[in-house]
Amino acid sequence: MSASGGTKAIVAALAANLAIAVAKFVAFLFSGSSSMLAESVHSLADSGNQGLLLLGGKKAKREATPQHPFGYGRERYIYAFLVSIVLFSVGGMFAIYEGYEKIKHPHEIEAWYWPVGVLVFAIIAETFSFRTAIVESNQTRGNLSWKDFIRRAKAPELPVVLLEDLGALVGLILALVGVSLAIVTGDGVWDGIGTLCIGVLLIIIAIVLAAETKSLLLGEAAGTEDVDKIQAALVDGDTVTRVIHMRTLHLGPEELLVAAKIAVRHDETATEVAHAINAAEDRIRAAVPIARVIYLEPDIYSEAAAAAGENPATTPGGPSTH
């Protein structure tokens, strides 16, 4: 995912959520609808989340330091994880509490046209934001399904915005249904039920986001396609004869660490091996530009040692089996 694409989607979502949050809160003041209050807090939380994503992107661009020699690329993962926590606590738990209170102490919705009008406006605005996120995601999604894109994306911004916008749209529909039923029946309990459903939805989305960003924080290997490209780039068939084992690790969405033990011919000189390593590094960077930190260790391949040791092909980030 390009950083510019993610930023565009974040800014579109931020603008939409700020406008929607104000409109929803005004509607709550005039109507007393708990769904509108929950949705206004939801939109406010989403606005804060987009601010966190923008802040994380900015901090991730800092230069490496002696204390952080691999840079700050993972800042984007940290702030994406914070987004899931905010969505769970501020959005989901508040909505469940508000829904419970409204079911326990229901009251009729006043000035019904305020919440209905604002919800229609919010659905239109969120649809625009969601469409922007879809368009930007399609530029890098390739042939992946949406589920696989969210699970495999190394850059967290677009999956976060996609799930937030999807949750917002579904939440708005739930709010509209709850408010409509409360207006038609004159029973405010329906408004509270709609609010509860919004809270459950937000918590589910927050859990999914937390699980995916936790995996990124722990450190994920390069995708299968990039691993295969790196393997192919390492072996020149002359000095470097094979990859003994290899590990890859994302230091950030757009920075990859590659560490490999490579087999060289036993009769090569140190100078020839050094030249071969430098050439292999150049080939790797040409094949996978985000491979910016590369450590290669030359060795003499031994069938007996390979048979006795671990099988690198079964290790994440190691050579794939074909």
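Bear in mind that the values here come from a model prediction, so they are computed numbers and not experimental data.

(A) Seen up close, the overall build of the protein. Each helix and strand in the protein was counted, giving 10 helices and 3 strands. Starting at the N terminus and walking to the C terminus, you meet the elements of the protein as α-α-α-α-α-α-α-α-β-β-α-β-α. For a compact globule of 322 residues, the expected C-alpha radius of gyration is about 20 Å, and the protein comes in at 25 Å, more than 25% above that figure. If you line up the protein on its principal axes, its C-alpha atoms span 90 × 35 × 35 Å. Each of the 322 residues in the protein was classed as buried or not, and the buried ones make up 46%. Accessible surface, the protein: about 15,400 Å² in total, of which carbon and sulfur atoms supply 64%. Charge separation in the protein, taken as the distance between the mean sites of 25 positive and 34 negative side-chain charges, equals 1 Å.

(B) Region of interest: the layout of surface pockets. Computed from the structure, the largest pocket encloses a volume of approximately 920 Å³. Taken together, 28 residues form the lining of the largest pocket, with Leu144, Arg152, Lys154, Gly223 and Asp226 sitting closest to its centre. Of all the secondary structure elements, the ones that give two or more residues to the lining of the largest pocket are helix 4 (113-141), helix 5 (146-152), helix 6 (157-185) and helix 8 (224-234). Looking at the lining of the largest pocket, the element that brings in the most residues is helix 8, giving 4 residues. The residue inventory of the lining of the largest pocket, partitioned by class, reads 14 nonpolar, 5 polar and 9 charged.

(C) Spatial organisation of the sheet that holds strand 2 (residues 255-264). Here we have 3 strands laid out as an open sheet, ordered 1-2-3, and mixed in their pairing. In the strand order of this sheet, the two ends are held by strand 1 (240-252) and strand 3 (291-299), each with one partner. Averaged over all pairs of adjacent strands, the angle between their axes in this sheet comes to 15°, without regard to strand direction. Note that strand 1 and strand 2 share 10 bridges and pair antiparallel. Its bridge partner being in strand 2, Val240 is matched across the sheet by Val264. Across the sheet, helix 8 touches strand 1, strand 2 and strand 3, and the angle it forms with strand 1 is around 140°. Running at roughly 145° to strand 3, helix 9 (residues 270-287) makes contact with strand 1, strand 2 and strand 3 of the sheet.

What counts and how
- Residues numbered from 1 in each chain as written.
- Predicted model: local features only at pLDDT ≥ 70, side-chain atom pairs only at ≥ 80, totals over all residues.
- Heavy atoms only, no water.
- Helix = DSSP H or I, 4+ residues; strand = E, 2+ residues; numbered from the N terminus.
- Rg over C-alpha atoms; globule rule 2.2 N^0.38 Å.
- Buried < 20%, exposed > 50% of the residue type's maximum accessible area, 1.4 Å probe, protein only.
- Areas by Shrake-Rupley, 256 points an atom, 1.4 Å probe, with all protein chains shown as cover.
- Lys, Arg positive; Asp, Glu negative; His and termini not counted.
- Charge placed at Lys NZ, Arg CZ, Asp CG, Glu CD.
- 1 Å grid on protein atoms, 1.4 Å probe; cavity = no way out; pocket = protein on both sides within 12 Å on 5 of 7 lines; lining within 4 Å.
- Points joined across faces, edges and corners; volume = space filled by probe spheres on them.
- Nonpolar A, V, L, I, M, F, W, Y, C, P; charged D, E, K, R; others polar.
- Pairing = 2+ DSSP bridges.
- Axes fitted to C-alpha atoms, helices over the stretch in contact; angles between N-to-C directions.
- Contact = heavy atoms within 4.5 Å.

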